[in-house]
Amino acid sequence: MPRPRHPLESRPPRITHVYGTALRWTKVPGRTLLTPETAMQLRAEGYTMALTRSGWRSARPISLIRYVQRIQPSSELP
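Note that the coordinates shown come from a computational prediction; the quantities given were computed from them, not determined experimentally. (Residues numbered from 1 in each chain as written. Predicted model: local features only at pLDDT ≥ 70, side-chain atom pairs only at ≥ 80, totals over all residues. Heavy atoms only, no water.)

Caption draft 1: Main features of the sheet that holds strand β2 (residues 25-33). An order of β2-β1-β3-β4 is seen for the four strands of this open sheet, with the pairing classed as antiparallel. Unpaired on one side and paired on the other, β2 and β4 (59-63) mark the two borders of the sheet. Neighbouring strand axes in the sheet, compared pairwise and without regard to direction, differ in orientation by 25° on average. As defined by bridge partners, strand β1 (residues 14-19) adjoins strand β3 (residues 49-53) across five bridges and the pair is classed as antiparallel. Note that in β3 the partner of His17 across the bridge is Leu51. Contacting β3 and β4, helix α2 (residues 64-71) runs over the sheet at an angle of about 65° to β4. (Pairing = 2+ DSSP bridges. Helix = DSSP H or I, 4+ residues; strand = E, 2+ residues; numbered from the N terminus. Axes fitted to C-alpha atoms, helices over the stretch in contact; angles between N-to-C directions. Contact = heavy atoms within 4.5 Å.)

Caption draft 2: Geometry of α2. Three or more residues of α2 are buried, namely Leu64, Tyr67 and Val68. Take α2 and look down its axis: the buried residues cluster within an arc of 95°, on one side only. Those residues of α2 that are exposed and aimed more than 90 degrees away from the buried face are Arg66 and Arg70. Turning to α2, the residues buried within the fold contact α1 (36-44), β3 and β4. (Buried < 20%, exposed > 50% of the residue type's maximum accessible area, 1.4 Å probe, protein only. Arc of directions from axis to C-beta.)

Caption draft 3: Seen up close, the environment of Pro12. Mapped onto the elements of the fold, Pro12 is located in the segment before β1. The exposure class of Pro12 is partly exposed, given its relative accessible area of 35%. Those residues in contact with Pro12 that sit more than four places away from it in its chain are Leu33, Leu34 and Thr35.

Have a look at this one:
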């Protein structure tokens with residue numbers, strides 16, 4: 001009997017590299033997952049992009065600026 005699969009939306013992608021003020025991709029140590037808290041912390045540190053991996057071969061860049069804007073309600077923006 002096969003094991004039940006979880007939908008991909010339930011698992012946050014793993015961050016492998018971040019892009020920031022050094023104008024280069026920097027490898028992230030350990031297994032860092034892209035959660036709202038992590039995205040806000042990385043954005044506060046000055047990082048703008050994150051290279052994420054959600055499967056064995058699928059990797060894609062995600063804008064942390066847009067990700068954080070999507071998390072925060074628009075009523076808080078000036």
